[in-house]
Each structure stands twice: as C-alpha cells, then as structure tokens.
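# A structural walkthrough
Now for the letters of each chain:
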Amino acid sequence: MAHTEDIENPYAEEAEARWPDLYKQSQANFKALTPEQRKQHLDFGVATTARLGQLFTDGAEPSDLRVQAEVANHYRWVSLFWTPNREAYEGLGDMYVADERFTEYYDKHAVGLAPFMRDAMRLYAASHLGGK
C-alpha cells in the first residue's frame, strides 16, 4: 500500500493508476506542507465531515446555508490535492455514493451521509463552480 510520508492512503495505488498526473500533483502539494500542516489539513477534513454529519442528523437540507458553508470547507480541503471544476466536483460526490468504500466511510459519521453530501456538493458546484 502506498504512503504519503507517515500517512497511509488506502486509495493511493488506485488513484495513481486512474489519474497519474493529478495524483503526482496532489502528492507534491501534500509533501510541500510541514508535518504539522499535514496533520492540520487532515484534521480539518475530518472535522468538516463530522459537522456535515451532525447537520444531516439534525435534519438540515443540502441547501441549508450551514451545510453549504461546510461544503465550501470540503471543497477547500479537496483543493489542496486537486482543484476540481464543476463536473469533477459533482463526480466526486457521485463517487461517494457509487463506491461502497466511500459510503462506508461517510456512514461512520452518519448513516446516509454520502447521498446527502452528493446532493449538497451538486448544489455547491452549480452555485460556485460555473458551467460544465
């Protein structure tokens, strides 16, 4: 299994095979951070997901301004690794639902969070990332 310094990424080999140029750039971006910055970045992603899970559990809709603010944080978090356009960000949300590994990860925060995130990400992309 591939590693980014001391952080194990279970998707690294697959990502490198599917998107070699993006993978290489994301690795360079991550390695350019100090160890403390890496930890902060990873913690930020987990905290953002936890807040989205709580909003979902509390009954917020994907269009809720609080949800959209957290999706903006998610987009910012993702953008360290690669900066997705509208189509790519929507595709990432689709992958959260279609790939059971992602669904399983998000279900640990709140069962049903993956489709909620997909829907919220689509709304964010339509509002902030322009046309396809």
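Bear in mind the structure is a predicted one, so any value in this text is a computation, not a measurement. (Residues numbered from 1 in each chain as written. Predicted model: local features only at pLDDT ≥ 70, side-chain atom pairs only at ≥ 80, totals over all residues. Heavy atoms only, no water.)

## Focus on the packing of helix α3 (residues 35-57) against helix α6 (residues 100-109)
It is at 8 Å that the axes of α3 and α6 come closest, and there the two elements cross at 70°. Here α6 runs roughly perpendicular to α3, going by the angle between their axes. The handedness of the crossing between α3 and α6 comes out as right-handed. For the pair formed by α3 and α6, the contact residues are V46, T49 and A50 on the first element and Y105, Y106 and H109 on the second. (Axes fitted to C-alpha atoms, helices over the stretch in contact; angles between N-to-C directions. Helix = DSSP H or I, 4+ residues; strand = E, 2+ residues; numbered from the N terminus. Parallel < 35°, antiparallel > 145°, perpendicular 65-115°, else oblique. Left-handed = near helix turned anticlockwise from the far one by under 90°. Contact = heavy atoms within 4.5 Å.)

## A short note on the confidence of the model for the protein chain
On average, residues of the protein chain score 87 in pLDDT, and 85% of them are at 70 or above. At the level of individual helices and strands, the protein chain shows its lowest average pLDDT in strand β1 (residues 3-4), which scores 39, and its highest in helix α7 (residues 113-128), which scores 98. Across residues 1-7, where pLDDT falls below 50, the model places 17 contacts with residues more than four positions away in sequence or in other chains. (pLDDT = per-residue confidence, 0-100.)

## Side note on the nonpolar core
In terms of nonpolar packing, the biggest core is built from 22 residues, with V67, V71, Y89 and Y96 touching the most fellow members. Elements with a contribution of two residues or more to this core: α3, α4 (65-78), α5 (86-98), α6 and α7. Ranked by the residues each element gives to this core, the list is headed by α7, at 8 residues. Once you skip the residues sitting within four places of it in the chain, V71 turns out to touch L52, Y89, A120, M121 and Y124. (Core = buried A, V, L, I, M, F, W, Y, C linked by side-chain atoms within 4.5 Å. Buried < 20%, exposed > 50% of the residue type's maximum accessible area, 1.4 Å probe, protein only.)

## Focus: α5
A rise of 1.5 Å per residue sets the reference length of α5, with its 13 residues, at 18 Å; its end C-alpha atoms lie 18 Å apart and thus fit the reference within 8%. Of the positions making up α5, those classed as buried are Y89, E90, L92, G93 and Y96. On an axial view of α5, the arc spanned by its buried residues comes to 150°, and they lie on one face. Residues E87 and A98 are exposed on α5 and point more than 90 degrees away from its buried face. (Expected span 1.5 Å × (residues − 1). Arc of directions from axis to C-beta.)

## With respect to the packing of aromatic side chains
Going through the model one piece at a time under the given rule, you end up with 9 aromatic pairs. For the ring pair Y75 and Y124, a centre distance of 5.7 Å and an interplane angle of 40° mean the geometry is tilted. Highlighted residues: Y75 in helix α4 and Y124 in helix α7, separated in sequence by 49 residues. Pair check on accessibility: Y75 and Y124 agree, each one buried. With centroids separated by 4.6 Å and ring planes inclined at 45°, the aromatic side chains of Y96 and Y106 adopt a geometry described as tilted. Here the residue Y96 occupies a position in helix α5, and Y106 occupies one in helix α6, the gap between them amounting to 10 residues. Per residue, the accessibility class of Y96 equals that of Y106, and both read buried. (Phe/Tyr/Trp six-rings, centres within 6.5 Å; stacked < 30°, edge-to-face > 60°.)

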